[in-house]
Amino acid sequence: MAEQEEDFSSLPLPDRFQHKIWKVRKAAYEDGAKQFEITPDEHDPAFRPFLQEPSLWKGAVADSNVAAQQDGIAALCAFLKFGGREGCTRTRGHTLTSLVEKGLSSTRAATKQSALEAILLYIELDTPAPVIEDLLPALSNKQPKVVAATLAALTAIYHNYGCKTVDPKSVLKALPKAFGHADKNVRAEATNLAVEFYRWLREAMKPMFWNDLKPTQQTEMEASFEKIKSEPAPKQERFLRSQQAAMSRAPPPGAAGAAAEEDELEAEGVEIDAFDLAEPQDVLSKVAPDFHEQLASAKWKERKDALEALYVILNVPRIKDGDFGEIARCLGPKCMKDANIAVVTQAAQCIEVLAKGMRKPFGRYRSIVMGPIMERLKEKKATVSDALGAALDQVFAATSLSDCLEETLEFLKHKNPQVKEGTMKFLIRCLKTTREAPAKPEVASIAEAAKKLLSESVEGLRSGGAEVLGTVMKIMGERAMGPYLEGLDDIRKTKIKEYFDTAEVKAKDKPKPPPAAAPRAAAPAAAPRKVVAKKPATKKPAPAPSPYAQEALAPQPTARSIPGSKLGAPKTSGLAAPGAGLKAPMKRTLAGPGGAAPPALSSPRRPVSQAPPPEEEAPAPPRLGLGGRGLAGRPLAAKAPALAPPASQSISPPPSSGLTALERAELEELRLDKDRLLRQSDDLRQERSRLNSEVQELKNQNAQLIEDHTRDVLSIKAKETQLVRARSDCEAAEAMCGQLRREMERLKRALTSAERVNSPPALSPGRDGSTDEAGIYRDTGMYSGTQENARAGYGHRARMSLNSALSEEKENTVDAMTAQYGRGKLSPELGRNGRNSAASGSGGRNSPAPAYQSRIRDTSTESARPEGNGQGVESWKRAAEVTSALKAKIEQMKARQGISRP
């Protein structure tokens, strides 16, 4: 045994890793871990055999002996910890599957812990994506313990590294399958993983898998979520090697305050939006082919149904980018002008979900939908205004404050107070949610518009203007907003300060970059300031001459007459202070290297030891001279010493710097060009605002004309409807009149036939020479000569009169006409005896008997009537009443017919 042990220890470590005796392998694993721990760096030769043959670790991780496996996984952890990224990338493909199937599901706690640590190290050393990709297939393993162990490992990964470092999309998609597993341990681990996701993602995780859970599971999950809602936002506990390197470099340049700000930003950014987790969906292909036809329908219900169907299609977490221009034009300019508010509300909801699903790509459609939405803010109904406001908020979230500001400020000048108020509220929400502070020109525009709101007659607009200024002050700071509040009374300033104290914003102005850039621009101007500071000693002996006269006359001739001498340097320095302080020092340095200059400079430097330092200090002071460049006293101080240096200039010339006359001229020209361009830009901006206002006015006029046109069309349609109804009523009246006319003809025919049937047959022989007596006798004989027969005949005659009462209208009409127009127009016999002849059945149409026979019969009838009772008189009265009623009805029908006809 001793010889075998010596042989085992003398074997190379890779050979011992593959030995058939498990004790040898176990000892090799332990020796390997010790060797890795004592290596100085990851390039040590101890790592080389395992990098060249990474399959050695597969056998160590999946060792058949559990004791050896425990030490093998521990050795792998040491190898990864000290071997660096190369050891991770080379061995990852050989060991991850075995770690999941053999290590995580082991019965030994130490083995489980080592396997989990190895997986975490694989993530730490490189990137998480390959590790997650290798872990997901284990969720479909046949053994429930492997699935449960994999879910536990995923929970540990997200707990340590967080969802910002490790992408949770792929795991969230596989989570519903784990919830539907038959093993309760798997379901329990899936619940733990979901709770861990909720710690990081909150409600953003639900759209990914929530609808695939059973109602009971959803209830249990909600109960678990309630327990952790009050917990603070989670923080990443372990960091990748790349993150650790960045963190090690970051602290030196940043102070403790900067680190605190970074922590705050990380805490704010922990919650992830559902948009980041969702996969883009193609919704354009799902839009109905007849969507535009339905949207152009004359029935508002069909338009609303089309928009509701579109809303269902667009309401997804993330929308794939495409050509939505036509849909945006339908939802914006078209639907926002719809007369039905239900259509307007539904269109606003469609715009909201479209902007929410597209985010930044929706920015190119902002100009199409934003104006019509703001124009429709005039609606007073809360549901409509809320829907329009939500749509505007999503449009702003997809763009930026700079994109929306110009159009928003234009609508703050709208004549409708309701539109003003809605636009003002939208601007306040934009200022509170924007993450980029507005530029100074934008702040000026906002402040100007808000100050106009302070003078409005409506209290809500005045308060809104104060809130706008207070919110901008919260972003920019009190000092930066001070100039914009000048001229406001104390009451308004107090109101603005109240809103400033209560406002909550996400953006803060960062004024640090401007001061950093300013010293560079002003650096050359500091050199003259340093030279001026050196001259006060020489300034004292020469105050006697007038500084104004000498600085105006002396420098100019010397500059022209002696350009290269030492005296030329001082006069250029004297000119440099009033005009451009950079020119004089430059000429001084150029004059120094000349042929005459070296001897002149050598002698003065020995007695004056202060001459060299100014040359070294001249480049340093630029940062100190930034603030004094524009002071009035400084140019004067620079001019006065310009006269004194000529005496001492031979001792030491001042330092030189900067620009030549040509460069200065070019600089002045560039400044003039810049001023000209700025003026042109202002003019163009004013012209643009004027044109925008004209365009808006034309839009308003167009909208008014469209409304008038719609109103006229509706009134025309109403008149046409009335005309159609009147025509139908006229046709109905004419049909009724025709029906009544036919009924009258039928009754007349019936009356005529009844008269013919009831007329006595003995009347016709009256023409054959029968005497009046015979006629009278026959006429009375018809009712019998005795009293009984006379009564019976008279009763028969009365019944006949009642049956023919309806036909007596003609005769009564004749009587009326006779009484009105006289008897000359009608025959005396008809006017006098028409009723008797009709009653007796021997009228002119049925009987050819002459009129005198009718009179004879009437006399005989009258002689016979006293013998009967008064029933006949009453019958005649009733007949007359019926006749008059019929006449009245006919007159009414004639009058109605005459009115309805055109």
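Residues numbered from 1 in each chain as written. Predicted model: local features only at pLDDT ≥ 70, side-chain atom pairs only at ≥ 80, totals over all residues. Heavy atoms only, no water.

Quick notes on the overall build of the protein
What counts is decided by this rule: Helix numbers and strand numbers start at the N terminus; a helix is a DSSP run of H or I with at least 4 residues, a strand a run of E with at least 2. Throughout, exposure labels follow a simple rule: accessible area from a 1.4 Å probe, protein chains only, divided by the maximum for the residue type, with under 20% read as buried, over 50% as exposed, and the rest as partly exposed. Here, two residues are considered to be in contact whenever any of their heavy atoms come within 4.5 Å of each other. Per-residue and other accessible areas were derived by the Shrake-Rupley procedure at a 1.4 Å probe size, with only the shown protein chains allowed to occlude residues.
Assigned secondary structure in the protein consists of 45 helices and zero strands. Scored against the burial criterion, the 902 residues of the protein give a buried share of 38%. Counting only contacts in the protein whose residues sit at least 6 apart along the sequence, the fraction spanning at least 24 positions is 73%. Approximately 51,100 Å² of the protein is accessible, and the part contributed by carbon and sulfur atoms is 55%.

Concerning helix H6 (residues 66-103)
Along an α-helix, residues three or four apart share an orientation, since each turn contains 3.6 residues. Our working rule: Here a helix's expected span is defined as the number of its residues, less one, multiplied by 1.5 Å. Given a residue, its bend is the angle between the two axes fitted to the seven residues that end at it and to the seven that start from it. For this analysis, a polar contact is any N or O atom pair within 3.5 Å, provided that within protein one partner can donate a hydrogen and the other can accept it, and provided that sequence-adjacent residues contribute only side-chain to side-chain pairs.
In this model, H6 (38 residues) spans only 10 Å end to end at C-alpha, well below the 56 Å of a helix rising 1.5 Å per residue. Helix geometry: H6 is bent most strongly at Gly 84, by close to 135°. For H6, the side-chain oxygen to backbone nitrogen distance between the N-cap and Ala 67 is 3.0 Å, and the N-cap itself is Asn 65.

Quick look at the side chain of Arg 16
Locating Arg 16 in the fold gives a position in helix H2 (residues 13-17). Overall, Arg 16 belongs to the buried group, its relative accessible area being 9%. Sequence-distant contacts of Arg 16, that is, excluding residues within four places in its chain, are made with Phe 8, Ser 9, Leu 11, Val 24, Arg 25, Ala 27, Ala 28 and Asp 31.

A few points about the packing of aromatic side chains
Threshold: A pair of Phe, Tyr and Trp rings is counted when the ring centres sit within 6.5 Å of each other, with Trp represented by its six-membered ring. The angle between the planes then sorts it: under 30 degrees is stacked, over 60 is edge-to-face, the rest tilted. We count a charge as sitting over a ring when the NZ of a lysine or the CZ of an arginine lies within 6 Å of the ring centre and within 35 degrees of the ring normal.
Taken as a whole and assessed by the stated rule, the structure comprises 18 aromatic pairs. For the pair Phe 36 and Phe 50, a centre-to-centre distance of 5.5 Å together with 80° between the ring planes defines the contact as edge-to-face. Note that Phe 36 is positioned in helix H3 (residues 22-37) and Phe 50 in helix H4 (residues 48-52), a separation of 14 residues in sequence. With respect to burial, Phe 36 and Phe 50 carry one shared label: buried. One aromatic cluster in this structure is built from Phe 17, Tyr 29, Phe 36, Phe 47, Phe 50, Trp 57 and Phe 79. When the ring centre of Trp 210 is taken as reference, the NZ or CZ atom of Lys 206 above it lies at 4.7 Å. Of note, Lys 474 hangs over the ring of Phe 500, and the distance from its end group to the ring centre comes to 5.1 Å.

Some details on the confidence of the model for the protein
Selection criterion: Per-residue confidence from the predictor is reported as pLDDT, a score between 0 and 100.
Here the protein averages 75 in pLDDT, while 67% of its residues score no lower than 70. The low-confidence segment residues 253-270, where pLDDT is below 50, has five contacts with residues more than four positions distant or belonging to other chains. Low pLDDT (under 50) marks residues 762-869, which in the prediction has 106 contacts with non-local residues, meaning those over four places away or in another chain.

Concerning the environment of Ala 449
Within the secondary structure, Ala 449 is located in helix H25 (residues 440-453). Its relative accessible area of 16% is what places Ala 449 among the buried residues. For the pair Ala 449 and Leu 409, spaced 40 residues apart in the sequence, the C-alpha separation amounts to 6.9 Å. Ignoring anything within four residues of it in the chain, the contact list for Ala 449 reads Leu 409 and Leu 412.

Let's talk about helix H24 (residues 417-433)
The end-to-end C-alpha distance of H24, which contains 17 residues, comes to 24 Å, matching closely the 24 Å that a straight helix rising 1.5 Å per residue would cover. Those residues of H24 lying buried are Val 419, Lys 420, Gly 422, Thr 423, Met 424, Phe 426, Leu 427, Ile 428, Cys 430 and Leu 431. Where H24 is buried, its residues contact helix H21 (366-375), helix H22 (382-398), helix H23 (401-411), H25 and helix H26 (459-476).

Considerations on the environment of Gln 244
In this structure, Gln 244 sits in helix H14 (residues 241-249). The class for Gln 244 is partly exposed, based on a relative accessible area of 34%. Considering only alpha carbons, one finds Gln 244 and Glu 124, 120 residues apart in sequence, at a separation of 9.7 Å. Ignoring anything within four residues of it in the chain, the contact list for Gln 244 reads Glu 124 and Phe 239.

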